[in-house]
Amino acid sequence: MFLRSVRMQTAGILRKKTAAVTYLLLMGFMLVNFFSNLWQNHEVQYVTQMFDSVKILTLSDWSYSGFYMRTYFPILVVLPTACSYLSDRQTRIQVYIEARTGRTSYWMGKLLAVFLATFIIFTLPFLLELALNIICFGLKPMGDPSNFPYLDTLAEDSRIFLSGLWFENRVLYAVVMIVLFGAASGILAVFNFVVTLLPGFRYRVFAYFPVYVLIHLLHLVEQISGRDYTMDYAFILCLFEQTKKNYPAYGLFLLVLLLAAAAMALVRSKGDDLT
């Protein structure tokens, strides 16, 4: 029953116009970056003059398209699922699914469906870009967009997250980082979904801002604490950005959000209707 609920609700989210719009926007950012790289390389005569295929991905720090994508990320990440519960309640789909699968399966399935739908939307475009880069540019280019000397580049790369994996297998490193980006996006979407269950979220417009507010509160706490590292999503989720980052703290932060969301869904599944 639970898996049936997950399949029904994931498919329902992915069929919505907001999911399609978000996916197309991400594809747009990715394609702008890809064709920009094609244009820059169309007159390059030697492979050694080309930049590394992984370092020119949209999620890389050197991508202008990626910069704008990360700027609008707090809205994009909630767009497919922000009104998922409100829509289910207004159309009575919630009652239908609960009758078919059970109340607990509906709520826990909704939680997983929100995560899976967001994960799919926020990973497929960038996995496709990685494949296109490998096909068009190959894996021989080793140039660095920073234009640092070779030894300086090695020193910089040794400080990035999962640097050991980067030196061992660049493609696997890119896949892992894209998957982590999708997973972080999914958890933030789940948090946003759970906030819409609270009183006061009867209007759709309010459902699009919880992640935006959360991210800015996190940034405010970071500034007040005076730490020499960042937990800002724009840096944490960016490949090759050299700002000091605290990945364990960010991972713990996301885990807390996920556990809080699961607890809220469990409460609702037991019949405690807060709205």
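What this report covers is the structure whose coordinates are included nearby. The structure displayed is predicted, hence computed values, not measured ones.

## Section: helix 3 (residues 64-71)
Moving on, step 1. Taken together, the buried positions of helix 3 are Ser 65, Gly 66, Met 69 and Arg 70. Projected down its long axis, helix 3 shows its buried positions confined to an angular sector of 135°, all on one face.
Moving on, step 2. In this structure Ser 63 caps helix 3, since a side-chain oxygen of it lies 3.5 Å from the backbone nitrogen of Ser 65.

## Focus: the packing of helix 2 (residues 17-41) against helix 8 (residues 124-137)
Moving on, step 1. For the pair helix 2 and helix 8, the least separation of the axes is 9 Å and the interaxial angle reads 20°. Comparing the axis directions of helix 2 and helix 8 gives the class roughly parallel. For helix 2 against helix 8, the interelement crossing comes out right-handed. Contact residues: helix 2 offers Tyr 23, Leu 26, Met 27, Met 30, Asn 33, Phe 34, Asn 37, Leu 38 and Asn 41, while helix 8 offers Leu 124, Pro 125, Phe 126, Leu 128, Glu 129, Leu 132, Asn 133, Cys 136 and Phe 137.

## Let's talk about the packing of aromatic side chains
Moving on, step 1. Tallying each qualifying case throughout the model produces ten aromatic pairs.
Moving on, step 2. Between the aromatic rings of Phe 34 and Phe 35, the centroid separation amounts to 5.5 Å while the plane-to-plane angle is 70°, which identifies the pairing as edge-to-face.
Moving on, step 3. Between Trp 166 and Tyr 173, the aromatic rings sit 5.3 Å apart at their centres with planes inclined by 70°, giving edge-to-face as the arrangement.
Moving on, step 4. Members of the aromatic cluster, joined through ring pairs, are Phe 73, Phe 122, Phe 126 and Phe 181.

## Focus on the nonpolar core
Moving on, step 1. One finds Met 69, Phe 122, Phe 181, Leu 188, Phe 193, Leu 254 and Leu 257 to be the most contacted residues of the largest nonpolar core, which totals 59 residues.
Moving on, step 2. Elements with a contribution of two residues or more to this core: helix 2, helix 4 (73-76), helix 5 (84-91), helix 7 (103-121), helix 8, helix 11 (170-195), helix 12 (210-225) and helix 14 (247-269).
Moving on, step 3. Per element, the largest residue contribution to this core is 14 residues, and it comes from helix 11.
Moving on, step 4. Discounting residues that sit within four places of it in the chain, Leu 254 has contacts with Ala 184, Ile 187 and Leu 188.
Moving on, step 5. Within the second largest apolar cluster, six residues are counted, among which are Met 27, Met 30, Met 50 and Phe 137.

## With respect to the pattern of salt bridges
Two side chains that carry opposite charge are able to pair once their charged atoms sit near each other.
Moving on, step 1. Going through the model one piece at a time under the given rule, you end up with one salt bridge.
Moving on, step 2. Between Asp 52 and Arg 170 there is a salt bridge, with the nearest N and O atoms lying 2.4 Å from each other. Highlighted residues: Asp 52 in the loop between helix 2 and helix 3 and Arg 170 in helix 11, separated in sequence by 118 residues.
Moving on, step 3. Residue class for Asp 52 comes out buried when judged on its relative accessible area of 3%.
Moving on, step 4. A residue is classified by how much of its surface remains accessible, and Arg 170, at 16% relative accessible area, is buried.

Calculation notes
Residues numbered from 1 in each chain as written. Predicted model: local features only at pLDDT ≥ 70, side-chain atom pairs only at ≥ 80, totals over all residues. Heavy atoms only, no water. Buried < 20%, exposed > 50% of the residue type's maximum accessible area, 1.4 Å probe, protein only. Helix = DSSP H or I, 4+ residues; strand = E, 2+ residues; numbered from the N terminus. Arc of directions from axis to C-beta. Polar contact = N/O pair within 3.5 Å; in protein donor to acceptor, adjacent residues only side chain to side chain. Axes fitted to C-alpha atoms, helices over the stretch in contact; angles between N-to-C directions. Parallel < 35°, antiparallel > 145°, perpendicular 65-115°, else oblique. Left-handed = near helix turned anticlockwise from the far one by under 90°. Contact = heavy atoms within 4.5 Å. Phe/Tyr/Trp six-rings, centres within 6.5 Å; stacked < 30°, edge-to-face > 60°. Core = buried A, V, L, I, M, F, W, Y, C linked by side-chain atoms within 4.5 Å. Salt bridge = Lys/Arg side-chain N within 4 Å of Asp/Glu carboxyl O.

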